[in-house]
Amino acid sequence: MSTDATMRSSRLSGNGGTIVSFSDRLLKSLEYLGFKARCHNAAAACDTVARLLAEQQKYVLYKELFPKEWKGSKASFYRAGSYKRYSERVNELFELVNEKCFPFLEYWHDDPETDFERFAIPPLNFDLCCEEIDFDNLRVSYVAGLLFYFRDEEVWDFFSQKYDLSAQDFPKLSRSPHPNVWLEKQQARTKPYRDLIRLVDHSTGNPWLDLTHCEYQELFEWNKETIEMLTTAHQDAGKAFANLEKLDERIDENPRRVLSELISFWNIGRLLSS
Amino acid sequence: MNGKSPLEILIDEKEQINPAIILADELMRRAAAELLSVEDVAKAERVLEIGAREIEVIDVHRKAFLKSQPTPLSYVPYGF
């Protein structure tokens with residue numbers, strides 16, 4: 001067989017029909033030789049075991065989360081992928097999670113040398129501490145929630161221009177919210193206000209909504225529970241913003257009444273009319 | 001120290017190959033596509049813990065030896 005033919009050749013391995021190409025076998029041999037050259041170094045052996053275990057855990061995760069894609073995958077177990085510390089197969093897992101579960105690769109993970117043993121997610125909420133916020137690009141209900149956190153004329157100017165309402169039209173805002181605001185159980189009328197304040201306060205319990213760029217980034221592990229939790233939480237985060245649409249409509253219909261109710265809920269934990 | 005030199009103490013120590021070396025060799029011989037079972041992973045994690053502890057112990061011994069005072073021999077070595 002010529003060298004070219006050998007390079008192109010592939011064979012069935014003894015592990016249930018997985019095709020191992022010559023190039024993969026060559027890469028594995030090189031990896032093995034590199035390992036043998038330092039195999040009597042216990043510290044290096046510990047590193048090797050830890051790396052192989054982490055890799056295996058990702059393969060198991062791939063197979064569990066995306067069995068169909070795993071079965072049809074031709075990605076190499078040995079050749080490095082775009083994230084150079086990981087095989088093409090592991091890179092495929094990263095791509096699938098990014099595509100089918102939640103987007104995260106663009107965020108702080110654009111370095112091909114990234115160590116991905118744990119990963120960060122991009123915050124979906126606004127950073128109130130240092131982000132330049134353009135009120136005109138926000139949902140009007142979110143701007144209403146900012147009244148309690150920014151406490152400056154700029155927010156009232158927005159309502160003044162849009163609805164001809166000013167701070168003098170409403171009771172003074174308490175420094176901090178009434179404890180009832182944080183209660184889990186709410187009436188149908190107060191729930192949208194509770195949800196809005198939680199969202200603006202970054203206290204939803206949803207990592208996509210509560211994390212900010214400014215704080216120390218939370219890192220997540222590669223395991224099934226975490227991926228499933230983040231997938232559900234990402235969908236919920238989308239719904240949390242979509243739910244503001246109804247509140248927006250109510251504000252558009254009667255801004256004075258809705259802002260009064262919201263301020264009353266913040267100040268005394270209930271709606272004045274109730 | 002029973003009159004033994006540091007080298008003699010070291011030689012007398014019970015010795016074994018760090019289990020991580022043996023496991024690393026086993027894992028490197030497997031095909032990556034043959035996924036490890038939950039038991040395999042648990043076993044590997046235990047070995048990793050033992051291997052890392054063994055390295056720490058040796059490191060502690062090494063530091064202790066470095067701190068030990070030089071002791072003169074009771075005889076003059078050949079050639080001096």
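The structure reproduced in this document is the subject of the present report.

So, on to the overall build of chain B. Scanning chain B from terminus to terminus reveals 3 helices and 0 strands. Counting from the amino terminus, helix and strand elements in chain B follow one another as α-α-α. Against the globule reference of 12 Å for 80 residues, chain B gives a C-alpha radius of gyration of 20 Å, more extended than a compact globule. Considering only C-alpha atoms, chain B reaches an extent of 65 × 25 × 20 Å along its principal axes. Per-residue burial for chain B yields a buried fraction of 21% across its 80 residues. Summed over all atoms, the accessible surface of chain B reaches about 6600 Å², with 60% contributed by carbon and sulfur. For chain B, the distance from the average site of its 10 positive side-chain charges to the average site of its 14 negative ones is 4 Å.

By a widespread convention, an interface's size corresponds to the accessible area lost as its parts come together. On the side of chain B, 23 residues touch chain A, which itself brings 28 residues to the contact. Taken together, both faces of the contact between chain A and chain B bury some 2100 Å²; the carbon and sulfur share is 75%. Interface area lost by chain A to chain B is led by Val49, Leu53 and Gln56 of chain A, which between them contribute 26%. Put simply, chain A and chain B have 0 salt bridges between them. In this structure, the connection of chain A to chain B is made through 3 residue pairs in polar contact (both at pLDDT 80 or more). Elements represented by at least two residues in the side of chain A that touches chain B include exactly helix H2 (22-37) and helix H3 (42-65) of chain A. Of all the elements, H3 of chain A adds the most residues to the side of chain A that touches chain B, at 15 residues.

Residues and elements named next belong to chain A. Taking 1.5 Å of rise per residue, 14 residues should cover 20 Å, and helix H5 (residues 88-101) covers 19 Å from first to last C-alpha, within 8% of that figure. Listed in full, the buried residues belonging to H5 are Arg89, Val90, Asn91, Leu93, Phe94, Leu96, Val97 and Cys101. For H5, the elements touching its buried residues are H3, helix H4 (67-72) and helix H10 (224-253).

Here the focus is the packing of helix H8 (residues 191-201) of chain A against H10 of chain A. All names here are of chain A. Interaxial distance between H8 and H10 falls to 11 Å at its minimum, and their mutual angle equals 125°. Regarding the angle of H8 to H10, the classification is oblique. In this structure, H8 crosses over H10, and the sense of that crossing is left-handed. In this structure, H8 contributes Pro192, Tyr193, Leu196 and Leu199 to the contact, and H10 contributes Phe241, Leu244, Leu247 and Arg250. Looking at the contact of H8 with H10, its residues break down into 7 nonpolar, no polar and 1 charged.

Rules of the game
- Residues numbered from 1 in each chain as written.
- Chains lettered and ligands numbered in written order.
- Predicted model: local features only at pLDDT ≥ 70, side-chain atom pairs only at ≥ 80, totals over all residues.
- Heavy atoms only, no water.
- Helix = DSSP H or I, 4+ residues; strand = E, 2+ residues; numbered from the N terminus.
- Rg over C-alpha atoms; globule rule 2.2 N^0.38 Å.
- Buried < 20%, exposed > 50% of the residue type's maximum accessible area, 1.4 Å probe, protein only.
- Areas by Shrake-Rupley, 256 points an atom, 1.4 Å probe, with all protein chains shown as cover.
- Lys, Arg positive; Asp, Glu negative; His and termini not counted.
- Charge placed at Lys NZ, Arg CZ, Asp CG, Glu CD.
- Contact = heavy atoms within 4.5 Å.
- Buried area = accessible area lost by both parts, 1.4 Å probe.
- Salt bridge = Lys/Arg side-chain N within 4 Å of Asp/Glu carboxyl O.
- Polar contact = N/O pair within 3.5 Å; in protein donor to acceptor, adjacent residues only side chain to side chain.
- Expected span 1.5 Å × (residues − 1).
- Axes fitted to C-alpha atoms, helices over the stretch in contact; angles between N-to-C directions.
- Parallel < 35°, antiparallel > 145°, perpendicular 65-115°, else oblique.
- Left-handed = near helix turned anticlockwise from the far one by under 90°.
- Nonpolar A, V, L, I, M, F, W, Y, C, P; charged D, E, K, R; others polar.

Limitation: the analysis is restricted to geometry and does not speak to function.
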